[in-house]
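Architecture and fold: a report
Take a look at the letters that make up each chain.
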Amino acid sequence: MTQPLELRLQSELKQRQATGLLRTLEVLDACKINLISNDYFQLRSHPQVIEGAQAALERYGASSSASPLLSGYLPCHEHLIGQLKTWKKKSHGLLFNTGFVANQALLTHLPGPQDLILADRLIHHSIAQTLGKQSTRFKRYHHLDLGHLEELLYRHNHENETIFVVTESVFSMDGDYPDLRQIAALKKKYTFIWVLDEAHGTGVFGPTGGGLAEEQGVLSEVDILVGTLGKALASMGAYVLTNSKTIIDYLVNYSGELIYSTYLGPPQVGAAEAALKIIQKSQTTARSIRDAAVRFRELLTNEGWQTNSFDSQIIPIILGEPKDALELRNKLLEYGILVGAVRPPTVPQNSSRLRFSFHANVKEEEVDEIFSLLNSWRKK
Ligand SMILES: Cc1ncc(COP(=O)(O)O)c(C=O)c1O
């Protein structure tokens, strides 16, 4: 590497280290309890999910070995997207290799130069990273503030060819969520394309685990639905679902993320399909995950910790300083409890936090242990 490049990269890394924001890779697979993974139903080692992966492995091999436009699109892909379309009641769909690239593909290729993107201020990086990169204008509305969204819709309604409104359902770092019925109601007053990322709503919300849009009865209003296979569905990959054949045809023709990449491996597809079958019948489990998360939030709030009062499986404890988040995360790790210490730039300045993802195997006594460890850290 040339000297100037080395020096610049090192200086930026040192800056991160000095502010407590340096990220490092760690192997952390031997913890007593993992409250950081997104395997909400603990399915990645479930016998049926492993069997699903094995069956696809034996039938199609370890790799799709080509782009989907060459020979990489296999019957297992076609079958899984069919199941997902039925589940989320959309007529067309496409699998992508990850949720990150699905979002990149959508927001890079669909909006044009005459269009406007309105996105929640805390939208996931896979979307945020596309904003401003192409010629489409964008504005961010205050987090979950649908009054602000309406103000922007009102102001820009007639200036643009198409407006895209983009939000997550359950936000990945806050575990809060917008009132999707209100966004559906806005569609009656303003014309826009609604893109909803259900990465964390899928499985845990809705009468068949179909997500927050299913739970709030607005699935039919969502124009483009994104979800990942790497969270509740215990695999890897993602899907885009819509009632527009044109959108899918367009992505197949113009999305380099899809066209120039080896397609999702058959074992991942087989695992996701097996997990999907389990999740559709797991609403009692989903309810108990959310109940446990609500109880934890109540304990925290009563003790003066800063969290929120939502009922999702993702619980943040806002600490502010990155060093506090790291110190407390490391303390819990000493007891075999793995939680996320999330710091800027993943979250806004002064909002470093612990992030807990509750899952099907979290026990009440474990939550009580965590709660008492948190309190003893604070009293130190
Ligand atoms: C809201 C949201 N969208 C998209 C993604 C990306 O999904 P994947 O992990 O499949 O790339 C994530 C993952 O962190 C996410 O939280």
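Refer to the structure presented above.
Let me sum up the structure you'll find in this document.

**Some words on the overall build of the protein**
- For the protein, the helix and strand inventory stands at 15 helices and twelve strands.
- For the protein, whose C-alpha radius of gyration is 21 Å, the value lies close to the compact-globule estimate of 21 Å for 380 residues.
- Principal axes of the C-alpha set define a box for the protein whose edges measure 60 × 55 × 55 Å.
- Scored against the burial criterion, the 380 residues of the protein give a buried share of 54%.
- Accessible surface, the protein: about 17,400 Å² in total, of which carbon and sulfur atoms supply 52%.

**Quick look at the environment of Thr284**
- Mapped onto the secondary structure, Thr284 falls in helix H13 (residues 283-302).
- For the pair Thr284 and Pro207, spaced 77 residues apart in sequence, the C-alpha separation works out to 9.7 Å.

**Regarding the side chain of Asn103**
- Along the chain, Asn103 turns up in helix H5 (residues 99-109).
- You can call Asn103 buried: its relative accessible area is 2%.
- Here the side chain of Asn103 touches Asp197 through a polar contact of 3.0 Å, side chain to side chain.
- Not counting residues within four places of it along the chain, the set of residues in contact with Asn103 comprises Ser126, Ile127, Thr130, Asp197 and Val226.

Reading the values: the criteria
- Residues numbered from 1 in each chain as written.
- Predicted model: local features only at pLDDT ≥ 70, side-chain atom pairs only at ≥ 80, totals over all residues.
- Heavy atoms only, no water.
- Helix = DSSP H or I, 4+ residues; strand = E, 2+ residues; numbered from the N terminus.
- Rg over C-alpha atoms; globule rule 2.2 N^0.38 Å.
- Buried < 20%, exposed > 50% of the residue type's maximum accessible area, 1.4 Å probe, protein only.
- Areas by Shrake-Rupley, 256 points an atom, 1.4 Å probe, with all protein chains shown as cover.
- Polar contact = N/O pair within 3.5 Å; in protein donor to acceptor, adjacent residues only side chain to side chain.
- Contact = heavy atoms within 4.5 Å.

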